Amino acid sequence: MVDVSQHELVPEHTVLEDDELEEVLTEYNIDRTDLPKIKHNDAALPDDAAVGDVIRIVRDSRTTDQSVVYRLVVE
């Protein structure tokens, strides 16, 4: 079986710690539920991701070198 999360085309996914999450929510002046969603069974999620966690996704970008987005894990 292939581990999709380790494929070279899948961007880096990491679970945010509580202090990092508070900084992001404060910076954007939003609540956790305002974030875009990602399903808990998405193959790219880290093994330790649980429903309610917020994931940081770092993608390569042609214009800004890297693009950072955040997603809330839902059922």
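Caption draft 1: Representation of the overall build of the protein within the structure. Summing up its helical and strand segments, the protein has 1 helix and 4 strands in all. On the principal axes, the C-alpha backbone points of the protein span a range of 40 × 35 × 20 Å. Per-residue burial for the protein yields a buried fraction of 24% across its 75 residues. In the protein, of all internal contacts separated by at least 6 residues, the share reaching a separation of at least 24 is 53%. Entry remark: accessible area of the protein is about 5700 Å², with carbon and sulfur atoms responsible for 44%. Averaged over its 7 positive side-chain charges, the protein has a centre that lies 9 Å from the centre of its 19 negative ones.

Caption draft 2: The sheet that holds strand β1 (residues 12–15), seen in detail. Here 4 strands make up an open sheet; going across it, the order is β1-β3-β4-β2 and the pairing mixed. Bordering the open sheet on either side are β1 and β2 (37–39), each of which pairs with just one other strand. For this sheet, the mean inter-axis angle between neighbouring strands, taken without regard to orientation, is 40°. Pairing of strand β3 (residues 54–61) with strand β4 (residues 65–74), which is carried by 8 bridges, proceeds in the antiparallel orientation.

Caption draft 3: Local environment of the pairing of β3. Examined bridge by bridge, β1 and β3 share 4 bridges and lie antiparallel to one another. Paired with Val-15 across the strands is Ile-55, a residue of β3.

Caption draft 4: Main features of the pattern of salt bridges. Using the criterion set out here, one finds 1 salt bridge in the structure. The shortest N-O distance in the salt bridge between Arg-56 and Glu-20 comes to 3.6 Å. A residue pair is termed long-range when its members are at least 10 positions apart, and Arg-56 in strand β3 and Glu-20 in helix α1 (residues 18–28) qualify at 36 residues. Overall, the relative accessible area of 22% leaves Arg-56 in the partly exposed class.

Caption draft 5: View of the nonpolar core. Leu-16, Leu-21, Val-24, Leu-25, Leu-35, Val-54, Tyr-70 and Leu-72 together form the largest nonpolar core, which totals 8 residues. Every element with two or more residues in this core is listed here: α1 and β4. Considering every element that reaches this core, the biggest residue donor is α1, with 3 residues. With sequence-adjacent residues up to four places away left out, Val-24 is seen in contact with Leu-16 and Tyr-70.

Cut-offs used in this document
- Residues numbered from 1 in each chain as written.
- Predicted model: local features only at pLDDT ≥ 70, side-chain atom pairs only at ≥ 80, totals over all residues.
- Heavy atoms only, no water.
- Helix = DSSP H or I, 4+ residues; strand = E, 2+ residues; numbered from the N terminus.
- Buried < 20%, exposed > 50% of the residue type's maximum accessible area, 1.4 Å probe, protein only.
- Contact = heavy atoms within 4.5 Å.
- Areas by Shrake-Rupley, 256 points an atom, 1.4 Å probe, with all protein chains shown as cover.
- Lys, Arg positive; Asp, Glu negative; His and termini not counted.
- Charge placed at Lys NZ, Arg CZ, Asp CG, Glu CD.
- Pairing = 2+ DSSP bridges.
- Axes fitted to C-alpha atoms, helices over the stretch in contact; angles between N-to-C directions.
- Salt bridge = Lys/Arg side-chain N within 4 Å of Asp/Glu carboxyl O.
- Core = buried A, V, L, I, M, F, W, Y, C linked by side-chain atoms within 4.5 Å.

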